[in-house]
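# A look at the structure
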Amino acid sequence: MEQQKQQIGVVTFFSSQHAMSAEEALKAKGYQVSLMPGPKDISPNCGVALQFEPDKKTDVEAVLKEADVLYEAVHLYTPVQEKSLLKRLLGK
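The structure displayed is predicted, hence computed values, not measured ones.

### A look at the side chain of Glu-23
Secondary-structure assignment places Glu-23 in helix 1 (residues 16–28). Looking at Glu-23, the relative accessible area reads 19%, which means it is buried. Sequence-distant contacts of Glu-23, that is, excluding residues within four places in its chain, are made with Val-33, Leu-35 and Leu-50.

Written as structure tokens, this is what we have:
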């Protein structure tokens, strides 16, 4: 049985400093956010992204603009789970 993948909100940035500024601004407003590795399939830029609850997308964008935090984009993203090396080698 295949596990259904859950969509998450992700903000991508041009630098890790911007990601940390965004985290600080959003946490100060009471949002539950966390830094995460930047998904390379949506942005080749900074290696740090910020995860948030997907239903808060509009609010997150508004807070970042109000706080004058530079960001690349705000995404609704479904993480891709990569196969393990063993499964790839075995063709499964």
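### Some thoughts on the side chain of Ser-43
Within the secondary structure, Ser-43 sits in the loop between strand 2 (34–37) and strand 3 (48–52). At a separation of 3.3 Å, a polar atom in the side chain of Ser-43 contacts the main-chain amide nitrogen of Asn-45. Here Glu-72 takes part through its side chain, which lies 2.5 Å from a polar atom of the side chain of Ser-43. Apart from the residues within four sequence positions on either side, Ser-43 is in contact with Thr-12 and Glu-72.

### Thoughts on unusual backbone geometry
Positive phi outside glycine occurs at Asp-68, with the angle close to 60°. Looking at the element boundaries, Asp-68 is found in the loop between helix 2 (57–66) and strand 4 (73–77). On the basis of relative accessible area, Asp-68 is assigned to the exposed category, the value being 70%.

Rules used throughout
- Residues numbered from 1 in each chain as written.
- Predicted model: local features only at pLDDT ≥ 70, side-chain atom pairs only at ≥ 80, totals over all residues.
- Heavy atoms only, no water.
- Helix = DSSP H or I, 4+ residues; strand = E, 2+ residues; numbered from the N terminus.
- Buried < 20%, exposed > 50% of the residue type's maximum accessible area, 1.4 Å probe, protein only.
- Contact = heavy atoms within 4.5 Å.
- Polar contact = N/O pair within 3.5 Å; in protein donor to acceptor, adjacent residues only side chain to side chain.

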